[in-house]
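Residue-level structural notes
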Amino acid sequence: MRELTYTAAAREALAEEMARDPSIFVVGEGIGQRGGNFNTTTGLYDLYGPMRLRDTPIVERGFIGMCTGAAMTGTRPVVDFMFVDFILDGMGELINQVAKIQYMSSGRLKMPMVLRGSIGISGASATHHSGSYYPLFVNIPGFRVVVPSNAYDAKGLLKTALRGDDPVMFLEHKALFNQKASVPEEEYFIPFGKAAIVREGTAATVVALASMIRKVNEAADTLAKEGVNIEIIDPRTVAPLDIETILQSVHKTGRLLIVDENFGPCGIGAEIAAQVTARGFDDLDAPIQRLNGVHTPTPYSPPLEAAVVPNSAQVLQAIRDLLAE
Amino acid sequence: MRELTYTAAAREALAEEMARDPSIFVVGEGIGQRGGNFNTTTGLYDLYGPMRLRDTPIVERGFIGMCTGAAMTGTRPVVDFMFVDFILDGMGELINQVAKIQYMSSGRLKMPMVLRGSIGISGASATHHSGSYYPLFVNIPGFRVVVPSNAYDAKGLLKTALRGDDPVMFLEHKALFNQKASVPEEEYFIPFGKAAIVREGTAATVVALASMIRKVNEAADTLAKEGVNIEIIDPRTVAPLDIETILQSVHKTGRLLIVDENFGPCGIGAEIAAQVTARGFDDLDAPIQRLNGVHTPTPYSPPLEAAVVPNSAQVLQAIRDLLAE
Amino acid sequence: MADLSKEQYLALYRQMFEIRRTEEQLAKAHQAGLVHGACHTYVGEEAVATGVCAHLTAKDSVFSTHRGHGHALAKGVPPREVMAELFGRVTGCSRGRGGSMHLFSPEVGMMGTSGIVGPCILQATGAGYSAKLMNTGAVGVAFFGDGASNNGAFHEGLNLATIWDLPVIFVCENNMYATEIAFSYATRNTNMAERARSYGMSAVAVDGNDVLAVYQAADEAVRRARAGNGPTLIEGKTYRTRAHSEGMPSLGTYRTQEELDAWKARDPISTYKAKLLQSGAAAESDFEQIETAVQRLVDESFEFAKNSPYPDPSTVSNHIFSAS
Amino acid sequence: MADLSKEQYLALYRQMFEIRRTEEQLAKAHQAGLVHGACHTYVGEEAVATGVCAHLTAKDSVFSTHRGHGHALAKGVPPREVMAELFGRVTGCSRGRGGSMHLFSPEVGMMGTSGIVGPCILQATGAGYSAKLMNTGAVGVAFFGDGASNNGAFHEGLNLATIWDLPVIFVCENNMYATEIAFSYATRNTNMAERARSYGMSAVAVDGNDVLAVYQAADEAVRRARAGNGPTLIEGKTYRTRAHSEGMPSLGTYRTQEELDAWKARDPISTYKAKLLQSGAAAESDFEQIETAVQRLVDESFEFAKNSPYPDPSTVSNHIFSAS
Ligand SMILES: Cc1ncc(C[n+]2csc(CCOP(=O)(O)OP(=O)(O)O)c2C)c(N)n1
Ligand SMILES: Cc1ncc(C[n+]2csc(CCOP(=O)(O)OP(=O)(O)O)c2C)c(N)n1
Ligand SMILES: [Mg+2]
Ligand SMILES: [Mg+2]
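Rules used throughout
- Residues numbered from 1 in each chain as written.
- Chains lettered and ligands numbered in written order.
- Predicted model: local features only at pLDDT ≥ 70, side-chain atom pairs only at ≥ 80, totals over all residues.
- Heavy atoms only, no water.
- Near = heavy atom within 4 Å.
- Polar contact = N/O pair within 3.5 Å; in protein donor to acceptor, adjacent residues only side chain to side chain.
- Areas by Shrake-Rupley, 256 points an atom, 1.4 Å probe, with all protein chains shown as cover.
- Donors = N, O, S within 2.8 Å, 3.2 Å for Na, K, Ca; no water.
- Helix = DSSP H or I, 4+ residues; strand = E, 2+ residues; numbered from the N terminus.
- Buried < 20%, exposed > 50% of the residue type's maximum accessible area, 1.4 Å probe, protein only.
- 1 Å grid on protein atoms, 1.4 Å probe; cavity = no way out; pocket = protein on both sides within 12 Å on 5 of 7 lines; lining within 4 Å.
- Points joined across faces, edges and corners; volume = space filled by probe spheres on them.
- Phe/Tyr/Trp six-rings, centres within 6.5 Å; stacked < 30°, edge-to-face > 60°.
- Lys NZ or Arg CZ within 6 Å of the ring centre and 35° of its normal.
- Contact = heavy atoms within 4.5 Å.
- Buried area = accessible area lost by both parts, 1.4 Å probe.
- Salt bridge = Lys/Arg side-chain N within 4 Å of Asp/Glu carboxyl O.
- Nonpolar A, V, L, I, M, F, W, Y, C, P; charged D, E, K, R; others polar.
- Least-squares fit on C-alpha atoms with pLDDT ≥ 70 in both.

Next up on the list: the site of ligand 1. Around ligand 1 lies a shell of 19 residues, among which Glu 60 of chain B together with His 66, Arg 67, Gly 115 and Gly 147 of chain C are the nearest. Near ligand 1, the surrounding residues are drawn from chains B and C. Contact between ligand 1 and His 66 of chain C: an oxygen atom at 2.7 Å from a side-chain N or O atom of the residue. In this structure, Asn 175 of chain C approaches ligand 1 through a side-chain N or O atom, which is 2.8 Å from an oxygen atom. Compared with its free state, where it exposes 580 Å², ligand 1 has 96% of that area covered by protein.

Right, here's the structure in full:
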């Protein structure tokens, strides 16, 4: 099967859906002729022109608010926000409007808006270009929150996002942009709320997200050589969260570690740990553990930056500690 | 001892500190002559005039950003934001600037800013005036987050907030404004990160916040009559969170329930459950449980509104269920 | 005086009168505890919504703010649905989920009011974007106050609508105050139309208590928008004669009895009636007929609302997402 | 030509030259992999920071944005601290925590650059508020681009500074583009000073490639601010002659070689030098001396930065809070 990069796979999803549905349009800074800061829209401007590939001034709040009104009136906006850090300026629109309009209108209005862009720590981007912030959107009711870890998922999940009628935060980790995976030519969709079992095992369950999957896989490779088989689960969407798959795995393994680059306090790992402890308590042979990025603004200097992101050695150690409990 | 309402106690803290420190000023809509939408500043305008009691246009982002610059240059702003829902428009300033300036400047700048205002569901305020949002500020490094449950704590914690050099989210639940408590005439401070043991007991530990304390107390009264003694812990500040006090209590009781009006997913209860399950696993005689407000935008109609806030009967039932495990 | 048919003249009167009577009923109901949350009336400002919405159809979208009863009514939401909503009933236009500050009725193009000041400006811009992209000929309309004009949403929304020539009407109801903050305190340039023109857009200031002046300005603005010639800001200079919100003092620390009385004397409804009578465009009996019919409608609406059931608490989690 | 002493004339030259040489060194270092993150140079725009900061002391606060090297240097941060910061070293002005877009040096009143466009406008307003409240006589200065002027922060910040007569200077560096988006696309009214005046504030547009024009405008603005007469916006019309960010194409899809060449011919440093030579205000030897000294400083700074240690990873959690 052909291989595509994460970025190319997502772009293909967008291109297919734009060809199919004339009500889809994209807004963002440099997503027109330029094709997007991260090549998210390369080639599409020439096909669809400025009304559907709409370059904007630097008004994150403004264009999110505008797209809210557009989504309420029959079109399907895609907000290409470049870095998730930027849309914090539109948080009022996101939380008070985008997430609430369907509810307030008792379901008579839809909110088919896809908000996409980069997250994560990578390449000394420093603290205004390294955020992830997904727990915020999980805490607030009304968002679908998608965090694909590979090109195949990126395409299938973006297709689902673009067909649905709900607001979707589609968050692409920078460290994954150039990573390749097999992506079929045939159309496919990946449903929200369905975790992927990345690797089967019985010794312990490790839930990981986005760029952490690779690091956990490395650790699992090492352990496999020692005859220890780790089960790795990628939730793919953190809202909805497929807790059933995690519970089933813990039922089998009795041990759970959640590895997440993002902050620990009130993070995804906390939610998973709380749900598993409430519902899978009797399955647990050891305390649930979390491995998170350090709870600090992201520093610029490479050795500092490296110190805040969980690395493969730490992942391996965390799994060993869990197994030793 | 004299009794003061929650609002009066907090106002007294502000008044004392403003009298002491001429670099403190307050900004907000209607906090001048009018004395604040919730009487937070009544009487102070006449004492200190418009430079220190600064009425603003409707520019939440603007005045938070302005206060950021003020705090960096030697003054001590108090942002009186009325409803926490409004400052979502300033989330970019809060997360990218207020919370990060000390770190980015390697501690050479301070950020003595107190952001205060109402949270919580009460009185058919509907979804744009019922938010709480504290998990968001707990997830992000750089904030002190204070959620006082009574007049005494409100005063002592606000005094601490106003003396410190860190950004503090001081969140006052609407349902508590008129509740009275004994407040001494003598000056006192309550440190951040020190939970209050509201009631001692051995059968189970219940951690609750703000307006939930009263409901848990009611349930505990009922159970006390049955000879069952519940320990109630009020963290008072959720960042920093006094997990040690909670762990000690669970060590004694073996059972833990967290009652929080705010949303469950990635909420405070998730964080407490995750920490206790990681560090106090062997103390647990039953799965940790959470009782949260329903994960939905807040509806307006009173019967719907009542259906999303945990009530005393639900609290009691949740404790009974926990005890029965 | 604008050149309208008698029916058109009277329709404007009827609309204003309906808003007024509905809100007087709501204010009483608020005192009686039937309205549960906040209630910001539009009393004194009815000419603005009326004059603008007269040009709109259900395909056009209106977005409004905390003071939105008049906009919803003028856009065609029946009084009984507005009342039932404020009473928290399942028959309300938002099925009881919204209340006074969250009025939704997409069926008639009332796309919502917001308890947060500002967003309506951006959302109307988005409705304009949809209309232009899908070539529907519809317009997006935002109603907002003087207070909102200092907010960043005003800056960003007006600019976007202008640079993309979107079919949007920005209607600023300048009632001189934001709660108790005077517009002249909140900005050094109280000339709203000038501020709007600084974006390169068309803008006009009108007497917001003169329904015909508003009607005419809106006529031009809607034509311009539908013709693809871009947005317009209409500043309606008006005044709210009741308190900012029911239950608050009607004077407060910010305005004088004289100012209030002077504006009451310029009431948009009675002055319009006098004008029509004086010019012979309509007769006393026309007004009597309308007033009786509206009063009956309002009375029936009140009974309807008061007797409607509350929503079923078991439905509280429905409609967070589209499939639910 | 402004009436300055020879020392003053040459100090302006020296400052511009220092910025230019430092950034040329940074650009090279970026290619060599010594600069780790993004690097937005100020090449071609040096006259603006230089002309403005010449009037400031360490008590005055500067707030800037992603293109902030020039502002930091002009405000008095030594080149070696800027370089070390971009190299991620503990000797950098932010101790390696910030990088190119987060330059902090409160000791000299450089209160930070921001990777987010907009906040500096508000923060400078706040510095003005502090100065007024504490009566220090200091001013707050924001440097930002044309792109930032469409953002809500511009609207809210300019308005607040105006209504409260705060001692603030808003310096908009209009280099015609925001990344690759032309200012003439992003707004219908490219007359920035007119837009600022619509808030009721003082505003002036100057040739941002003419350091003396900037110097004079800033002189007035700073005087006005210190005298308690409120804020001023200065629009410096200028041009960035390198790519938006190092590593990007210098032309892109948005500008032509002709345009670039025309602006290069108006280089603020060489034209100023020619003017001083022509008028006899300074001699070749003066420039030689300065250029040699600056080059030595930049070379030393580069060595210093390159040889400085990285921060200790065990300190990574320090300074999130004041006591830590
Ligand atoms: C973002 C935000 N900030 C503050 C408020 C509180 N608030 C409600 S109405 C109001 C005044 C609005 O003034 P204006 O826009 O002039 O409308 P008016 O009430 O005069 O019709 C304020 C400050 C709010 N609803 N939203
Ligand atoms: C809020 C925000 N949105 C988007 C960006 C990405 N970005 C970085 S620089 C830039 C262009 C800025 O243009 P301008 O303000 O004119 O400054 P210039 O780069 O021309 O100096 C953009 C869009 C950002 N940093 N912050
Ligand atoms: Mg008003
Ligand atoms: Mg620019």
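The next thing to look at is the coordination of the magnesium ion (ligand 3). All names here are of chain C. Distances from the magnesium ion (ligand 3) to its protein donors, Asp 146 (OD), Asn 175 (OD1) and Tyr 177 (O), fall within 2.0 to 2.1 Å. In primary sequence terms, the donor set of the magnesium ion (ligand 3) follows D-x28-N-x1-Y. Linking Asp 146 in the loop between β3 (140-145) and α6 (152-163) with Tyr 177 in strand β5 (residues 177-178), this pair joins segments that are 31 residues apart in sequence. By relative accessible area, which is 9% here, Tyr 177 ends up buried.

This part is about empty space enclosed by the protein. With a probe scaled to a water molecule rolled over the atoms, the places where space remains empty come into view. Under the definition given, this model contains 16 cavities of 30 Å³ or more. Computed from the structure, the largest cavity encloses a volume of approximately 170 Å³. Taken together, 19 residues line the largest cavity, and the ones lying closest to its centre are Ser 130, Asn 262, Phe 263, Thr 296 and Thr 298 of chain B. Space inside the second largest cavity adds up to approximately 140 Å³. Around the second largest cavity, the lining comprises 15 residues; the ones closest to its centre are Ser 130, Gly 131, Tyr 133, Phe 263 and Thr 298 of chain A.

Within the secondary structure layout, Ala 19 of chain A lies in helix α1 (residues 6-20). Through-space distance from the C-alpha of Ala 19 of chain A to that of Val 228 of chain A is 48 Å; in sequence the pair is 209 residues apart.

Taken as a whole and assessed by the stated rule, the structure comprises 34 aromatic pairs over all chains. With 5.3 Å between their ring centres and 55° between their planes, Phe 83 of chain B and Phe 86 of chain B make a pair best called tilted. The pair Phe 83 of chain B / Phe 86 of chain B is uniform in exposure class, with both members buried. Ring geometry for Phe 144 of chain D and Phe 154 of chain D: centres 6.0 Å apart, planes at 70°, overall edge-to-face. Of this pair, Phe 144 of chain D sits in strand β3 (residues 140-145) while Phe 154 of chain D sits in helix α6 (residues 152-163); the two residues are 10 residues apart in sequence, bridging distant segments of the chain. In this structure, Phe 144 of chain D and Phe 154 of chain D share a single accessibility class: buried. Cluster of aromatic residues (ring-pair linked, three or more members): Tyr 6, Phe 38, Phe 83, Phe 86 and Phe 177 of chain A. In this arrangement the basic side chain of Arg 52 of chain A is found over the ring face of Tyr 48 of chain A, its NZ or CZ atom lying 4.6 Å from the centre. Here Arg 97 of chain C stacks its cationic end above the ring of Tyr 103 of chain A, 4.3 Å away from the centre of that ring.

Cis rather than trans, the peptide bond between Ala 239 of chain A and Pro 240 of chain A has omega equal to 0°. Relative to the elements of secondary structure, Pro 240 of chain A occurs in the loop between β12 (237-239) and α9 (243-253). With phi around 55°, Cys 266 of chain B is a residue other than glycine that occupies positive phi space. Summarising the element assignment, Cys 266 of chain B is placed in the loop between β13 (256-260) and α10 (268-279). Residue Cys 266 of chain B is classed as buried on the basis of its relative accessible area of 2%.

The next thing to look at is the coordination of the magnesium ion (ligand 4). All names here are of chain D. Coordination of the magnesium ion (ligand 4) by the protein is provided by Asp 146 (OD), Asn 175 (OD1) and Tyr 177 (O), with metal-donor distances spanning 2.0 to 2.1 Å. Positions of the donor residues of the magnesium ion (ligand 4), expressed as sequence spacing, correspond to D-x28-N-x1-Y. Within this pair, whereas Asp 146 is found in the loop between β3 and α6, its partner Asn 175 is found in the loop between β4 (168-174) and β5 (177-178), the two being separated by 29 residues in sequence. Of the residues examined, Asp 146 reaches a relative accessible area of 2% and is grouped as buried.

What follows covers the interface of chain C and chain A. At the interface, 40 residues of chain C touch 42 residues of chain A. When the buried surface of chain C facing chain A is broken down by residue, Tyr 129, Trp 164 and Phe 321 of chain C rank first, second and third, together holding 19% of it. With a shortest N-O distance of 3.0 Å, Arg 108 of chain A and Glu 107 of chain C are connected by a salt bridge. Of all the secondary-structure elements, those providing two or more residues to the side of chain C that touches chain A are β1 (61-64), α5 (119-134) and α6 of chain C. Ranked by residues supplied to the side of chain C that touches chain A, first place goes to α5 of chain C with 11 residues. By residue class, the composition of the side of chain C that touches chain A is 20 nonpolar, 15 polar and 5 charged.

Before going further, it helps to examine the relation of the copies chain A and chain B. The two copies are related by a screw operation: chain A maps onto chain B through 180° of rotation and 0.0 Å of translation along the axis, at an RMSD of 0.0 Å. The symmetry that links the two subunits is that of a two-fold axis. Taken together, the interface assignments show that 100% of the residues at the interface of chain A recur at the interface of chain B, consistent with an identical surface on both copies.

It is worth stressing that arrangement in space is one thing and function is another; only the former is reported here.
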